[in-house]
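Remarks on the overall topology
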Amino acid sequence: MADLLATAAQAGSFKTLLNAIETAELADTLKSPGPFTVLAPSDEAFAQLPDSILDDLKQDPSKLKQVLFYHVLYGDVRSDDLAEIHEAPTVEGSVVIVEQQNGIKVNDISVVQTDILADNGVIHVIDGVLMPTILSPE
């Protein structure tokens, strides 16, 4: 197995996420022993965002880091765990809401693939980009 970043790169559908991680200089964190759980938006999920939001985030590394860390949970949280919990603290400092009706959703965004295992954690693919409350558009 490989670390979270190498595993995401091998999957081939996280180019935008990996680029954002590089821009925010978070690679070392996600290569560390962890373990971490990454709620990983696919390239299609990022494509749904207005270009201006992604551009703004790339111009502001601290905000970008905040958004990316909002997609990372401490520990190895597998699908079995997601099926049992109602909220989870993020590395960013906020809490995400986990719901189990009609599949697993995190803050109303669907988890479309679970349990992609890496040496230092697990990746769950989501079909949207999570935004911390402080960055949500008014």
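Whatever comes next refers back to the structure up there.
Note that the structure is a prediction, hence the values are computed from the model and not measured.

1. Some words on the nonpolar core
Within the largest apolar cluster, 29 residues are counted, with the highest numbers of intra-cluster contacts made by Ile21, Leu30, Leu68 and Ile123. When residues of this core are traced back to their parent elements, those giving at least two are helix H1 (4–11), helix H2 (15–23), helix H3 (27–31), strand E1 (36–41), helix H5 (51–59), helix H6 (61–69), strand E6 (109–118) and strand E7 (121–126). Counting residues per element, this core draws most heavily on H6, at 4 residues. In terms of nonpolar packing, the next biggest core, distinct from the first, is built from 14 residues, Ala88, Ile104, Val106 and Ile126 among them.

2. Description of the packing of aromatic side chains
This structure, assessed with the given rule, holds 1 aromatic pair. Seen from their ring centres, phenylalanine 36 and tyrosine 74 are 6.4 Å apart, and the 40 degrees between their planes marks the pair as tilted. Pair noted here: phenylalanine 36 is in strand E1 and tyrosine 74 is in strand E2 (residues 72–74), with a separation of 38 residues, a long-range link.

3. What about the pattern of salt bridges?
According to the stated counting rule, one finds 1 salt bridge in the structure shown. With its nearest N and O atoms 2.8 Å apart, the salt bridge here joins aspartate 76 to arginine 78. On the basis of relative accessibility, which here comes to 33%, the residue arginine 78 falls in the partly exposed class.

4. Some remarks on H6
Every buried residue of H6 is accounted for by Leu64, Val67, Leu68 and Phe69. Buried residues in H6 make contact with H2, H3, H5 and E2.

5. Brief notes about H1
Since the α-helix packs 3.6 residues into each turn, any two residues three or four apart lie on the same face. If you check which residues of H1 are buried, you get Leu4, Leu5, Thr7 and Ala8. Each buried residue of H1 sits inside an arc of 165 degrees when the element is viewed along its axis, so together they form one side. On its buried face, H1 is in contact with H2, H3, E1, E6 and E7. Backbone nitrogen of leucine 5 and a side-chain oxygen of the N-cap are separated by 2.9 Å at the start of H1; the cap is aspartate 3.

The rules behind each value
- Position numbers for residues start from 1 in each chain and track the written sequence from start to end.
- This being a predicted model, a pLDDT of at least 70 is required before a residue's local features are given, and a value of 80 or more before pairs of side-chain atoms are given or counted; all residues contribute to the totals for chains, interfaces and linings.
- Just so you know, side-chain values use all the structure's heavy atoms and leave hydrogens and water out.
- We call a set of buried Ala, Val, Leu, Ile, Met, Phe, Trp, Tyr and Cys residues a nonpolar core when their side-chain atoms join them within 4.5 Å.
- With a 1.4 Å probe rolled over the protein chains alone, any residue whose accessible area is under 20% of its type maximum counts as buried; one over 50% counts as exposed, and the rest are partly exposed.
- Counting from the N terminus, the helices are the DSSP runs of H or I reaching at least four residues and the strands are the DSSP runs of E reaching at least two.
- In summary, the pairing rule links any two rings of Phe, Tyr or Trp, Trp by its six-membered ring, whose centres are within 6.5 Å, and it sorts them by plane angle into stacked for under 30 degrees, edge-to-face for over 60 and tilted for everything else.
- Any carboxyl oxygen of Asp or Glu that lies within 4 Å of a side-chain nitrogen of Lys or Arg is treated as forming a salt bridge with it.
- Any pair of residues with heavy atoms lying within 4.5 Å of one another is described as a contacting pair.
- Directions from the helix axis toward the C-beta atoms define the arc.
- We call two N or O atoms a polar contact when they sit within 3.5 Å, provided that within protein one can donate a hydrogen and the other can accept it, with sequence-adjacent residues counted only if both atoms are side-chain atoms.

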